[in-house]
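Chain by chain, the residues run as shown.
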Amino acid sequence: MATVSPPWAYTLQLPHDPRAPGIARATLRTVLAAHGLTGLTPTAELLASELLTNAHLHTQGPYALRIRSAEPDRLRIAVWDSGSEIPPGFGAPGPVPVGPDTAENGRGLHLVRACADRWGAHVLGDVRGGKLLWAECGGG
């Protein structure tokens, strides 16, 4: 008899603190280990790190990491923040604008788009507001 793993999701609320992205990455590693998905850890951690850092650098309020099983051996990593502006090029296919090669910032979303199987963004109009940037990765 085959067993099917039920869908799961975890949300970690984070304060606007420079240590928060590191705490979120440690939580992500723990969740993936608990679900037997350690093979996804390098890619998932890179995706989460870039999305969390973007939230920390470009907003002043709290943010949140959400990890959920999209299907077996597949993850959706999402980061909510209080800002309502979707980064240029992230919500739709096409090039992501960057500065000159000497720029210190602006490459994180390129990494997300290069490493994720799918990605997207939504402006949230509910009571919470803000936006949600997400990326998916998985085996196969």
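The paragraphs below set out a description of the structure included in this document. (Residues numbered from 1 in each chain as written. Predicted model: local features only at pLDDT ≥ 70, side-chain atom pairs only at ≥ 80, totals over all residues. Heavy atoms only, no water.)

**Quick look at helix α3 (residues 108-115)**
And step 1. Listing the buried residues of α3 in full gives G108, L109, V112 and R113. Projection of α3 onto a plane perpendicular to its axis shows the buried side chains occupying an angular sector of 135 degrees, all on one side.
And step 2. Of the surrounding secondary structure, the elements contacted by the buried residues of α3 are α2 (41-58), β4 (118-123) and β5 (131-138). (Buried < 20%, exposed > 50% of the residue type's maximum accessible area, 1.4 Å probe, protein only. Helix = DSSP H or I, 4+ residues; strand = E, 2+ residues; numbered from the N terminus. Arc of directions from axis to C-beta. Contact = heavy atoms within 4.5 Å.)

**Things to note about the pattern of salt bridges**
And step 1. Applying the stated rule across the entire model yields eight salt bridges.
And step 2. The shortest N-O distance in the salt bridge between R19 and D17 comes to 2.6 Å.
And step 3. For R19, a relative accessible area of 59% translates into the label exposed.
And step 4. The exposure class of D17 is buried, given its relative accessible area of 18%.
And step 5. For the salt bridge of E136 with R76, the shortest nitrogen-to-oxygen distance reads 2.8 Å. Note that E136 is positioned in strand β5 and R76 in strand β3 (residues 74-81), a separation of 60 residues in sequence.
And step 6. Residue R76 is classed as buried on the basis of its relative accessible area, which comes to 19%. (Salt bridge = Lys/Arg side-chain N within 4 Å of Asp/Glu carboxyl O.)

**Some words on the sheet that holds strand β1 (residues 9-14)**
And step 1. On the basis of which strands lie adjacent, the open sheet formed by five strands has the order β1-β2-β3-β5-β4 and antiparallel pairing. Where the open sheet ends on each side, the last strands, each with one partner, are β1 and β4. The mean angle between the axes of side-by-side strands here comes to 15 degrees, regardless of whether they run parallel or antiparallel.
And step 2. In terms of strand pairing, strand β2 (residues 63-71) meets β3 through eight bridges, oriented antiparallel. Residue pairing for β3: R68 is matched across the bridge by R76. (Pairing = 2+ DSSP bridges. Axes fitted to C-alpha atoms, helices over the stretch in contact; angles between N-to-C directions.)

**Structural notes on the environment of S82**
And step 1. The residue S82 is located in the loop between β3 and α3 in this model.
And step 2. The class of S82 is partly exposed, set by a relative accessible area of 38%.
And step 3. In this structure the C-alpha to C-alpha distance between S82 and P62, which are 20 residues apart in sequence, comes to 7.1 Å.
And step 4. Once residues lying within four places of it in the same chain are set aside, the contact partners of S82 are T59, G61, P62 and G130.

By themselves, these are just geometric observations and shouldn't be taken as functional.
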